[in-house]
Amino acid sequence: MEKFTVLDGLVAPLDRPNVDTDAIIPKQFLKSIKRSGFGPNLFDEWRYLDHGEPGMDNSKRPLNPNFVLNQPKYRGAQILLARENFGCGSSREHAPWALTDFGFRAIVAPSYADIFFNNSFKNGLLPVIMPAAVVDRLFLEAEATPGFRLTIDLPRQVVVIPGGQEFRFEVDAFRKHNMVEGLDEIGLTLKQSDAIRAFEDRHRAAQPWLFV
Amino acid sequence: MQPQTLYDKLWSSHVVSEDADGTALLYIDRHLVHEVTSPQAFEGLKLAGRRPWRIDSVVATADHNTPTRDWDQGIRDPISRTQVETLDANIREYGAKAYFPFLDARQGIVHVIGPEQGATLPGMTVVCGDSHTSTHGAFAALAFGIGTSEVEHVLATQTLNMKKAKSMLVRVDGSLRAGVTAKDVVLAVIGRIGTAGGTGCAIEFAGSVIRGLSMEGRMTLCNMAIEAGARAGMVAADDTTIEYVRGRNFAPKGDHWDRAVAYWRTLKSDEGATFDKTVVLNGGDIAPQVTWGTSPEMVGSVEGNVPDPARIEDPVKRASLERALHYMGLQPNTPITEIRIDKVFIGSCTNSRIEDLRAAATVVKGRQVAAGVKLAMVVPGSGLVKRQAESEGLDRVFRDAGFEWREPGCSMCLAMNDDRLEPGERCASTSNRNFEGRQGAGGRTHLVSPAMAAAAAIAGRFVDVRKIL
Ligand code: SF4
């Protein structure tokens, strides 16, 4: 996994609550057996005016000029500003894959759905939780200020706004460590193989029917 | 010892180790696998040169992408076919406890076949790369959906790193009125607490209404716990649970059975156990539910009206309501029973089990699908459900009324195969998600129970099923 330490990035505001993973990456693109290449179909139904299918040449499709990510001023955005319960619905990890493939490295929102939140950390996409009032203010500033950027400092757990004001955010120590170091979580867990085997022996003795 | 919740018991009996910050390594007993979220996990395993830790924990099937008719022609969409063949190849290479591939008589939706085969047992931890894994919590199991990285993690290590969730009790007291089902109960719960109401929580459903539900009903309930934002849903084990499991393919046998049953009887919250949150509903107050918006929390009684955004104060909420009504093509204050439908879908891991098909058939029997309905389809949850229904003559009841009787799979629940809504089409659906585009780009979904979907098919619009039973 790519390391995540300090990110200074352009912010794109997506002003809708309950954005679900079907909207982030529609199901027809889930037929792929790869992990990459989902970026052009991120928010497909909102971004394009026609119906997208895998294998289409996306550069030839008509764009929806009203959709925020199609506006030239947000080109190259690395931080997505979002509303509450972002990433609800399906567990598809294709959602963070599409967001990172598009170029996002972090999201700032008041809340996330659990599975999406978890999946994001596994893909080097940092979901920052900020109080709703702060998010409201960031929306106002992002919409009013061309080229609005934020700095997200994961080691220090702060979001810095232009002008220098800092907002602290909470993040799990375990997840932070893995992300800052860019660790392979499976490799880490396998260091506990002996403990897993010992647990398995106890578990088998208590509930042998689980192992037949 | 302090009284424990069911969740406490399931959690603590699977902790391998725990960090100072509370992150635990949790052991996984059952790993359900399907074609859409597993290819990248197997690939990752292979690239890292790793082997599965305990392959006999894996039960696999192909369900999301498979067609529901013309099975003799195979899977015609080449991309879907590649995905299903990739699962075939991965299982061939690594093995599994059981695999029910496309065309197998026992194939079906992963959350239908797990319990049906006895592969889901009380006391287990159950995971699957699918959010509706919460279904299996109906068996007093700790069951939750995971992403593909975690599918790979479970394959490689048989464990997951996670923190314990908060606990939430949803108690439904009293009893349900005739014509009101588990689906209505869970929609009413979501209407009450909202789609983020259970975020960060594991929900235990309890109370006299829940005790009175069949296992099928409890599965419907737990299935949609995820739509309330919860990590997991669960119901304590009792005689209903044990009788359902008895004799199933992978259920414990002989001496193991007796030991298992003795243990399973402890899988309930202790007297005096405390929950972080409690929500109480009265079963008698619940009417048949119909969603009118683009999120399962946008729901109400069939006797009610589409809400009016003009009455909402909060601007973010008002905008989201306006947007939903615009997408759904609905006017504020329209009575639900005046909403006409184009299609009917009876199926999905929420409502495609035998009891669901029986409930729908009871309404349909001797009647005809309304002339204005373009397509009414029944998609059984598994090959075994299909055969059972056919042995009871339910397929005839549906066919005689004008329904299509399809092969099992996820079908129009998520519309990855050819079964889908066209833009603007309105559907009465027994599935679990009414998000924009869920059943096809531009499609409009109303979530209902099987009996309500059947009644809508007959009337061509939503009707209160209690009035026609
Ligand atoms: S039936 Fe629908 S919700 Fe259930 S597993 Fe299939 S796609 Fe997911």
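Residues numbered from 1 in each chain as written. Chains lettered and ligands numbered in written order. Predicted model: local features only at pLDDT ≥ 70, side-chain atom pairs only at ≥ 80, totals over all residues. Heavy atoms only, no water.

A. Layout of the layout of surface pockets. Volume-wise, the second largest pocket comes out at about 570 Å³. Along the walls of the second largest pocket sit 29 residues, with A:Glu45, B:Tyr327, B:Glu436, B:Ala441 and B:Gly442 positioned nearest its centre. Elements represented by at least two residues in the lining of the second largest pocket include exactly helix H2 (44-47) of chain A together with helix H11 (315-328) of chain B. Looking at the lining of the second largest pocket, the element that brings in the most residues is H11(B), giving four residues. (1 Å grid on protein atoms, 1.4 Å probe; cavity = no way out; pocket = protein on both sides within 12 Å on 5 of 7 lines; lining within 4 Å. Points joined across faces, edges and corners; volume = space filled by probe spheres on them. Helix = DSSP H or I, 4+ residues; strand = E, 2+ residues; numbered from the N terminus.)

B. Highlighting the side chain of B:Thr68. All names here are of chain B. Looking at where Thr68 falls in the secondary structure, it is placed in the loop between strand E4 (58-61) and helix H3 (78-94). A polar side-chain atom of Thr68 sits 2.9 Å from a polar atom in the side chain of Arg406. Side-chain polar atoms of Thr68 contact the side chain of Asp419, separated by 2.7 Å. If sequence neighbours within four positions are ignored, Thr68 has contacts with Met377, Val379, Arg406, Glu407, Ser411, Asn417 and Asp419. (Polar contact = N/O pair within 3.5 Å; in protein donor to acceptor, adjacent residues only side chain to side chain. Contact = heavy atoms within 4.5 Å.)

C. Representation of the side chain of A:Lys122 within the structure. In this fold, A:Lys122 is placed in the loop between helix H4 (114-121) and strand E4 (126-129). Excluding residues that lie within four positions of it along the chain, A:Lys122 makes contacts with A:Met1, A:Glu93, A:Glu185, B:Ser149 and B:Glu150.

D. Representation of the nonpolar core. Counting residues in each nonpolar core, the largest one holds 114 residues, and the members touching the most others are A:Phe43, A:Phe86, A:Leu99 and B:Phe403. Of the residues forming this core, the biggest block, eight residues, is contributed by helix H15 (residues 450-459) of chain B. Grouped together as the second largest cluster of nonpolar side chains are 106 residues, B:Phe144, B:Ile146, B:Cys222 and B:Leu267 included. (Core = buried A, V, L, I, M, F, W, Y, C linked by side-chain atoms within 4.5 Å. Buried < 20%, exposed > 50% of the residue type's maximum accessible area, 1.4 Å probe, protein only.)

E. Focus on the site of the ligand. Taken together, the neighbourhood of the ligand is formed by B:His64, B:Ile109, B:His111, B:Asp130, B:His132, B:Ser348, B:Cys349, B:Cys410, B:Cys413, B:Leu414, B:Asn432 and B:Arg438. When atom positions are compared with the pocket grids, the ligand is found to occupy the largest cavity. (Near = heavy atom within 4 Å. Sits in = over half its atoms within 2 Å of the grid points.)

F. Seen up close, the pattern of salt bridges. Residue and element names in this part refer to chain B. Scanning all chains against the criterion turns up 50 salt bridges over all chains. For the salt bridge of Asp395 with Arg399, the shortest nitrogen-to-oxygen distance reads 3.6 Å. In this pair, Asp395 and Arg399 both sit in helix H14 (residues 394-401), four residues apart, roughly one turn of the helix. A single network of salt bridges, built from pairs that share partners, joins Arg69, Glu404, Arg406 and Asp419. (Salt bridge = Lys/Arg side-chain N within 4 Å of Asp/Glu carboxyl O.)

G. Summary view of the interface of chain B and chain A. If you look at the interface, chain B gives 77 residues, while chain A gives 58 residues. Each partner contributes to the roughly 5400 Å² buried at the junction of chain B and chain A, and carbon and sulfur atoms together form 55% of this total. Along the contact surface separating chain B from chain A lie eight salt bridges. A salt bridge links B:Asp77 to A:Lys31; its shortest N-O distance comes to 2.7 Å. Going through the elements one at a time, strand E1 (15-18), strand E2 (23-27), helix H2 (39-47), H3, helix H5 (148-157), strand E8 (159-163), helix H10 (254-264) and H11 of chain B are the ones with two or more residues in the side of chain B that touches chain A. Top contributing element to the side of chain B that touches chain A by residue count: H5(B), with seven residues. Taken together, the residues that form the side of chain B that touches chain A break down as 25 nonpolar, 31 polar and 21 charged. (Buried area = accessible area lost by both parts, 1.4 Å probe. Nonpolar A, V, L, I, M, F, W, Y, C, P; charged D, E, K, R; others polar.)

H. Just the sheet that holds E1(B), in detail. Residue and element names in this part refer to chain B. Read from one edge to the other, the open sheet built from three strands follows the order E1-E2-E8, with strand pairing classed as antiparallel. Edge positions in the open sheet fall to E1 and E8, since each of these has one partner strand only. Averaged over all pairs of adjacent strands, the angle between strand axes in this sheet comes to 25°, irrespective of strand direction. Bridge count for E1 against E2 is three bridges, and the pairing is antiparallel. Across the sheet, the residue bridging to Ser17 is Leu25, located in E2. (Pairing = 2+ DSSP bridges. Axes fitted to C-alpha atoms, helices over the stretch in contact; angles between N-to-C directions.)

I. Here's a closer look at empty space enclosed by the protein. All names here are of chain B. Considering all chains together, one arrives at three cavities of 30 Å³ or more under this definition. Estimates place the volume of the largest cavity at around 220 Å³. What lines the largest cavity is a set of 23 residues, and nearest its centre among them are His64, Asp130, His132, Leu414 and Arg438. Its volume calculated, the second largest cavity comes out at about 140 Å³.

J. Expanded view of helix H12 (residues 354-364) of chain B. Buried residues of H12(B): B:Ile354, B:Asp356, B:Leu357, B:Ala360, B:Ala361, B:Val363 and B:Val364, and no others. A positive phi of about 75° marks B:Gly366, the residue just after H12(B).

K. The packing of aromatic side chains, seen in detail. All names here are of chain A. Using the criterion set out here, one finds 18 aromatic pairs over all chains in the structure. Centroid distance Phe102 to Phe104: 5.4 Å. Interplanar angle 20°. Geometry classified as stacked. Residue Phe102 is classed as partly exposed on the basis of its relative accessible area, which comes to 27%. The class of Phe104 is buried, set by a relative accessible area of 1%. With a centroid separation of 5.5 Å and 35° between ring planes, the pair formed by Tyr112 and Phe117 is classed as tilted. Taking relative accessible area as the criterion, Phe117 reaches 16% and is therefore assigned buried. In this structure, Arg61 is placed above the aromatic ring of Tyr48, and the distance from its NZ or CZ to the ring centre is 3.8 Å. Sitting above the plane of the Phe211 ring, Arg204 keeps its charged end 4.7 Å from the centroid. (Phe/Tyr/Trp six-rings, centres within 6.5 Å; stacked < 30°, edge-to-face > 60°. Lys NZ or Arg CZ within 6 Å of the ring centre and 35° of its normal.)

L. Summary view of the environment of B:Ser57. All names here are of chain B. Positionally, Ser57 belongs in the loop between H2 and E4. The exposure class of Ser57 is buried, given its relative accessible area of 1%. With 153 residues separating them in the primary sequence, Ser57 and Ile210 have C-alpha atoms 29 Å apart. In contact with Ser57, not counting residues within four places along its chain, are Asp29, Arg30, His31 and Gln158.

Function cannot be read off these values alone, since they describe shape.
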